[in-house]
Amino acid sequence: MAMLRVGTLAKNVKSALKDDVAIAKEAIGCLQEAVHEAYEVKRRAQKLVGMFVERMGAGDLLPTDREYLDLLCPRIVPEESNKNENVAHANPDDDDDIKNDRQQQFLLTFLRFLYSGNYPREQGVGRSVNGFIQRLKGLGLFDRLRQSPLRDRSALRETTTFPPNELVRSVSSHLKVELKKMYNNGTREIQKQLKDQKVKDEDSLKGYDLEIHQEKTAVENFLEFNRMSGNTRRIAPISSSKDGFVSFSEREIIGLFWKRPMIKAKILELVTPVFPGCLALNDVTTIWLRDQEPGFVIKSLLCDVAPVGLTSRQRGKAGYRAAIKLMTIPEIKDHLSTIRQPDFDPGTYATKGYLPRGSIRTNGFSIQLTAFKLKELQAVRYRRFPEDRLPPRLTTTVGGLDYYLMEIRNIAQTKENVVELWPNCTPDQIKILSVDLGQACVVGAYASLPNSTCDTIKGTSQNASTAIDISTVSTLAPVTMLSSPPQPQVFYNLSVKQKAVSQPTFKFRRWTEDQKKLVPAGAVKSVQDIESDLPPLRGQDASVVDYVEEIQVVEDQLQEFYNGSNMRYQRHSFDASRAREEEFRTIADRLLSMIGGSVGAKRSEDDMVVIAIGLGQFASRSGLSSLHGTFFAFFVCLARSLGYIVVGVNEYYSSKKCPRCQAFVAQVTIRRLFCKACSMYFHRDEMAAHNMANAVRGHLLDQQRPDYLHPIDAQGRYPWKEDLSSSADGVGSSTSTSTRPDTDAKPKSTPTRQPRKRKATDNTQPQSSSARQPRKRKAIDTAQPLANPTRQSRKRKAVEEAD
């Protein structure tokens, strides 16, 4: 399934309703009000849950309260019994069948009560919700909320603006995932941190029990671990004042619109020609809607998808809207029955486009459509046809773009494999583009173009974007230990810093900070002062009760800033996200232009290229999120969709050794390295990409990495080579099925003590079995020799005495 971002809500609704301006305005206002009301109900529930959990942690826990805590989050299941139980659902909008999920039913019923004020029936899960409501009333927590007083159970049921089930269904799924991530997954994360801390300092947590007890609820375990860590985390999920995305199905959209007379009349115009007597809401949703194509209501009221009569140029400008296809139920059945036939040939499957799922996601400003991707043949992915019936996953996108990233050592195992993937071309004539992804420097790339007429490419690369560093050209062939000497080549280097790519984010942050400093007319404080003065939600002085009381006083001003009628904040946020996507496209276009391609052009059949991606892992500890994984997924999917073969490559020694003389390099700054033998400076990520290109070339020519990129033990042997030659079923014949290298499948060397490495290096790399080395300063790479041999000998002597 894919989430298609088709633009702003106002533009799409006006395009779908065309000349009906009044109906379009009412539909936009209805959805914006529904999104705001749904998130208000969710925030109200979060406040009550947070205050309840705080009171339970303070000692007000009764035996009957454990039932409510279990309904908020199920107990933690041991990992060895069921590993999947402790993983929160990645996309709660997909789970429509909630009848057998007691936690989901509990949260849905409770949110429905908070919105309508109508008590649930005294049966099933409704009995538990009523007990929870009475417990909250007994603790006085409802009195702390700014809302109308609770009505008595004997009062008549109140009629609401929106149907309660349709309004809160999506946010109840969101709340369920948030609670499970906090109390279930969060408990395990804090436990791991505490255990790591105890390993480093045994006296710091001496006498503390660091085990999860099943006789306690997940909330109790979380509170205990959080207290041990100094209350480093919030004890309840509290959403910000900004309204988030809410999903609505077509059935729910009709229910939201039904009480608006103008939109109701528009819906009946669609219904009566088919079913003249179908006038009630239940008849429309159960009889008429059941026979319509998925996406028909969306096309008629919200977004003009699947337009007809467009030229190829117009279809390109329409984007996702033109790529969507509306298929009737019989057509869908025929499509599924065809690919399920026993004699079906997956190589002949060429259906493209998207099939709408019949639901949307919106935050009141932008709109997204959920759709099935028809190009991704599900029969291939889940039925597991024999390999001889499947097209190669490296050269086709029928099986999906993000299935896995296979390592080059598992692809080029024999010379026949190379000839099969890159036919009519000698291995030394294959173009290589290697990309090293990092945190501070998003991309460090190196392109090798053998026997290339580089005038055209050189001319395009000089017109680089301002977001990209100036590319450098080198005509010196690297010195590698390959049996076949490489042909004359042209090299290109390219580096992109995160600071350049994140300029749209920086600009949006600066605008937000400037606007928060302004004091609106009639207000006393600015938004910045309001948010700074709010009580903390974590730490020693954290208090959910104090936070709830303070936030309710200033909530109106925060709502006006984030969700006001002028939609200023949403407009700027939307523009920043689009600008960031364009930055990614610019980087991808620059990378592909180094090998003669572009973002908008398919790879030529005669153009033999391999794109290698480094398999290092990085974590961001700065204010900006790491772009390593974000751009990684974007570029890999884009390159594969254009017909390029994308492989992974092990980054071992890639940022340690000079690609020219093969000697260790010295570190001058965090991104600048120096080779004494060559008397040359290198950009760290460009040099790493150069070494990875040498590794790929080694696999293409000799099915082996160059010797200087292998670990070597104290006896001067290469343990990787020995492991490969000693076992015919070793790692050379294994297949990686993830986007990260398989640590279990890598050659093992003699276990010896290794020096500490920087966190930015690939922590999945095999360890060298070289002799023990002393610890060095953090500013010096562990693989580099120390400049002062006397100091090195003193350190070695100290280590030997300590041993």
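Residue indices follow the written sequence of each chain, beginning from 1 at its first position. This being a predicted model, a pLDDT of at least 70 is required before a residue's local features are given, and a value of 80 or more before pairs of side-chain atoms are given or counted; all residues contribute to the totals for chains, interfaces and linings. Only hydrogens and water are set aside; all other atoms, that is, all heavy atoms of the structure, feed into the side-chain values.

## Concerning the overall build of the protein chain
Then step 1. The secondary structure content of the protein chain amounts to 27 helices and 13 strands.
Then step 2. Partly exposed describes any residue whose relative accessible area lies between the buried limit of under 20% and the exposed limit of over 50%, with all areas from a 1.4 Å probe on protein chains only and scaled to the type maximum. Sorting the 803 residues of the protein chain into buried and exposed places 50% on the buried side.
Then step 3. The criterion used for residue contact is that any of the two residues' heavy atoms lie within 4.5 Å. Long-range pairs, those at least 24 residues apart, make up 72% of the contacts in the protein chain with a sequence separation of at least 6.
Then step 4. Surface exposure of the protein chain reaches about 39,100 Å², of which carbon and sulfur atoms provide 50%. Numbering of helices and strands runs from the N terminus; a helix is a DSSP stretch of H or I covering at least four residues, while a strand is a stretch of E covering at least two. Working definition of accessibility: Shrake-Rupley area with a 1.4 Å probe, residue cover restricted to the visible protein chains.

## Notes on the sheet that holds strand S4 (residues 366-373)
Then step 1. By this definition, two strands are paired if DSSP reports at least two bridges between them. Overall, antiparallel pairing links the 4 strands, which are arranged S1-S4-S3-S2 in an open sheet. Of all the strands in the sheet, just strand S1 (2-8) and strand S2 (246-249) have a single pairing partner and so form its edges. Averaged over neighbouring strand pairs, the angle between their axes works out to 35° when direction is ignored.
Then step 2. Alignment of S2 against strand S3 (residues 354-362), held across 4 bridges, turns out to be antiparallel. Across the sheet, the residue bridging to Phe 248 is Ile 360, located in S3.
Then step 3. Interaxial angle, 0 to 180 degrees, is taken between N-to-C directions of lines fitted to C-alpha atoms, where a helix line uses only the stretch in contact. In this fold helix H1 (residues 9-17) packs onto S1, S3 and S4, with an angle of close to 85° to the strand it touches most, S1.

## Remarks on the sheet that holds strand S12 (residues 672-675)
Then step 1. On the basis of which strands lie adjacent, the open sheet formed by 3 strands has the order S11-S12-S13 and antiparallel pairing. Both edges of this open sheet fall to strand S11 (666-667) and strand S13 (680-683), since each of them pairs with a single strand only.
Then step 2. As paired strands, S12 and S13 are joined by 4 bridges and run antiparallel to one another. Note on S13: the bridge partner recorded for Leu 673 is Phe 682.
Then step 3. Across the face of the sheet, helix H25 (residues 684-702) comes into contact with S11, S12 and S13 while running at roughly 90° to S13.

## Thoughts on the pattern of salt bridges
Then step 1. Whenever a carboxyl oxygen of Asp or Glu lies within 4 Å of a side-chain nitrogen of Lys or Arg, that contact is scored as a salt bridge. For the structure shown, the criterion picks out 29 salt bridges.
Then step 2. Note that Asp 196 is salt-bridged to Lys 192, the shortest N-O span being 3.2 Å. Taken as a pair, Asp 196 and Lys 192 lie in helix H6 (residues 164-200) at a separation of 4 residues, close to a single helical turn.
Then step 3. Taken together, the shared-partner salt bridges connect Lys 47, Arg 146, Glu 555 and Asp 556 into one network.

## What to know about the confidence of the model for the protein chain
Then step 1. On a scale of 0 to 100, pLDDT captures the predictor's confidence in every residue. Looking at the protein chain, the pLDDT average stands at 80 and 79% of residues meet or exceed 70.
Then step 2. Every residue in residues 83-96 scores below 50 in pLDDT, and together they form 33 contacts with partners more than four places removed in sequence or on other chains.
Then step 3. Between residues 453-487, whose pLDDT stays under 50, and residues either more than four places distant or in other chains, the model counts 74 contacts.

## Some remarks on the nonpolar core
Then step 1. Core analysis: the biggest nonpolar cluster contains 113 residues, and Phe 52, Tyr 183, Phe 257, Leu 302 and Leu 369 have the highest contact counts within it.
Then step 2. Sorting elements by how many residues they give to this core places helix H2 (residues 21-60) first, with 18 residues.
Then step 3. Each residue touching Phe 257, except ones within four places of it in the same chain, is listed here: Ala 27, Cys 30, Leu 31, Ile 263, Lys 264, Ile 267, Leu 301 and Leu 302.
Then step 4. In this text, buried Ala, Val, Leu, Ile, Met, Phe, Trp, Tyr and Cys residues form a nonpolar core when linked through side-chain atoms within 4.5 Å. Judged by nonpolar contacts, the second largest core, of 35 residues, contains Ala 445, Leu 494, Phe 631 and Val 636.

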